[in-house]
Amino acid sequence: MRDCAIIARKLEKVMKRRLYVIACICLSLVTVLSSCSLDDLEGNVYERMGMVKFDNPAVNDVSNRLDSMETAEVDNALKGQELDLSKVDGFKEIYETIQNIGKQEGEETGELKIKLTEDAAKVISKNGLLKPQENKDDLYASIGSSLASSSGTKAFVSSMSEPAGEIQSNAAKGTMALTNSLITTLTENMGTEDGDMPEEVKTILTDLQKELEDKSKKTEDLTKAEVLQVQMITNLVSSVADAADTLKDVEDMSTVMNDSNVMSIMDDLTLLSNVTNTLSGNTDVLDVPNISDLISKFTGSGSES
C-alpha cells in the first residue's frame, strides 16, 4: 500500500508538470495571436482559424441598403421600342438636362424618345430600372468605412459576392439594357464626319456593350457587387445632370472645380473606381472603363465632341 501511495504521488507530480507545460503553451499562443493586428493583410488570425466571425457594421449597412434599393416601373413610358424618360420616376431631371443640352446646341430635339433594341425593350418592360438615389451620402459613407481597413475590405468583398435580391437584380438588368442602347446611340451619333469617335474608345465601349448585353440577359440573379456598380453609375449620371448648367460653356475646368455639383461628380467617379478595383478579380463585376483614359483619348484626338 505504501508503494502504491508513493507511485500515486509521483504520477500526480508528473501530471501537474504536464498540465503546467500545456497551460504555458496555450498562454503563449494566446499572447502571440492577440498581438496580431486585426488589419493584417492576411485577415484576422482568429477568423482564419474559424474560431470567431466578425461582423462589420458598415459592410452590413451597404448590404442592407442594396436589398432595399428603389426601382422604377416603365409601363407608362415604354411604347414599343421607344422609352420616354420624362415619364420614368426618378429620371425626370436627367431627361430635362438632355433636352436642355439639345437646345443649347441649337437643335430641335422635340420630345426625347430613347430608341431601344427589341431585346432591351423586353428586359426593361419586364424588370423596370434602378432609380437614381435622392440621398446617396449614407450609402457612400458606409462603403468608404468598409474600405478603410483590410479586414473591412475582406468582409466587403465577401458580402458583395452574394446574390442580390430578385427585385434589385432584375431592375439592374433593366438599367444595363438601357445603357447598352444608349451606347449604341452614342456610337452612331459620333460616327459623323465632324465628331468621329477615336477607334480605341469605340472598342472600349463596344466591349462594355457586349458585357452589358450578356449580363442583362442572365437568368440567375446578379451579385450585390453588380447591382452596387449599376446603382453607382446611375447616381453618377444624375450627378452629371445636376452639374450640367455649371459645366456648360466652361473652357477652363479649374474655374469650376470647387463647385459642389462638379465635386460630386469627381467623388462619384473616384468611389466607383475604388469599388470596381476592389471587387475585380474577387467577384463578378462590370469591367468599367477608366473614365480619365476615355477623356484623354477624346481630348487627344482633336475631336470637340
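Residues numbered from 1 in each chain as written. Predicted model: local features only at pLDDT ≥ 70, side-chain atom pairs only at ≥ 80, totals over all residues. Heavy atoms only, no water.

Digging into the overall build of the protein chain
Then comes step 1: Each helix and strand in the protein chain was counted, giving 13 helices and 5 strands.
Then comes step 2: Classification of the 305 residues of the protein chain by burial places 36% in the buried group.
Then comes step 3: Long-range pairs, those at least 24 residues apart, make up 78% of the contacts in the protein chain with a sequence separation of at least 6.
Then comes step 4: In the structure as shown, the protein chain presents an accessible area of about 18,100 Å², 52% of it carried by carbon and sulfur atoms. (Helix = DSSP H or I, 4+ residues; strand = E, 2+ residues; numbered from the N terminus. Buried < 20%, exposed > 50% of the residue type's maximum accessible area, 1.4 Å probe, protein only. Contact = heavy atoms within 4.5 Å. Areas by Shrake-Rupley, 256 points an atom, 1.4 Å probe, with all protein chains shown as cover.)

Let's talk about the sheet that holds strand β2 (residues 78-79)
Strand pairing in a sheet is mediated by backbone hydrogen bonds. Such pairs are either parallel or antiparallel.
Then comes step 1: The antiparallel open sheet is built from 3 strands, whose spatial order is β2-β3-β4. At either end of the open sheet lies a strand with only one pairing partner, and these are β2 and β4 (114-115).
Then comes step 2: Two elements, strand β3 (residues 82-83) and β4, share 2 bridges in a ladder whose sense is antiparallel. The partner of Leu83 across the bridge, within β4, is Ile114. (Pairing = 2+ DSSP bridges.)

Overview of the environment of Ser63
Then comes step 1: Looking at the element boundaries, Ser63 is found in helix α3 (residues 57-67).
Then comes step 2: With a relative accessible area of 10%, Ser63 lands in the buried category.
Then comes step 3: For the pair Ser63 and Phe156, spaced 93 residues apart in the sequence, the C-alpha separation amounts to 8.8 Å.
Then comes step 4: Ser63 has contacts with Ser159, Met160 and Lys224, leaving out every residue within four places of it along the chain.

Some points on the nonpolar core
Then comes step 1: Core analysis: the largest hydrophobic core is formed by 36 residues, its most contacted members being Ile143, Phe156, Met160, Leu228, Met232, Val275 and Leu279.
Then comes step 2: If near-sequence neighbours (up to four positions away) are discounted, Phe156 is found in contact with Val59, Val62, Ile143, Ser146, Leu147, Leu228, Val275, Thr278 and Leu279. (Core = buried A, V, L, I, M, F, W, Y, C linked by side-chain atoms within 4.5 Å.)

Quick look at the confidence of the model for the protein chain
Then comes step 1: Overall, the prediction assigns the protein chain a mean pLDDT of 74, with 66% of residues at 70 or greater.
Then comes step 2: Looking over the protein chain, one finds the lowest element-wise mean pLDDT in helix α2 (residues 45-48), namely 44, and the highest in α3, namely 94.
Then comes step 3: Across residues 24-52, where pLDDT falls below 50, the model places 23 contacts with residues more than four positions away in sequence or in other chains. (pLDDT = per-residue confidence, 0-100.)

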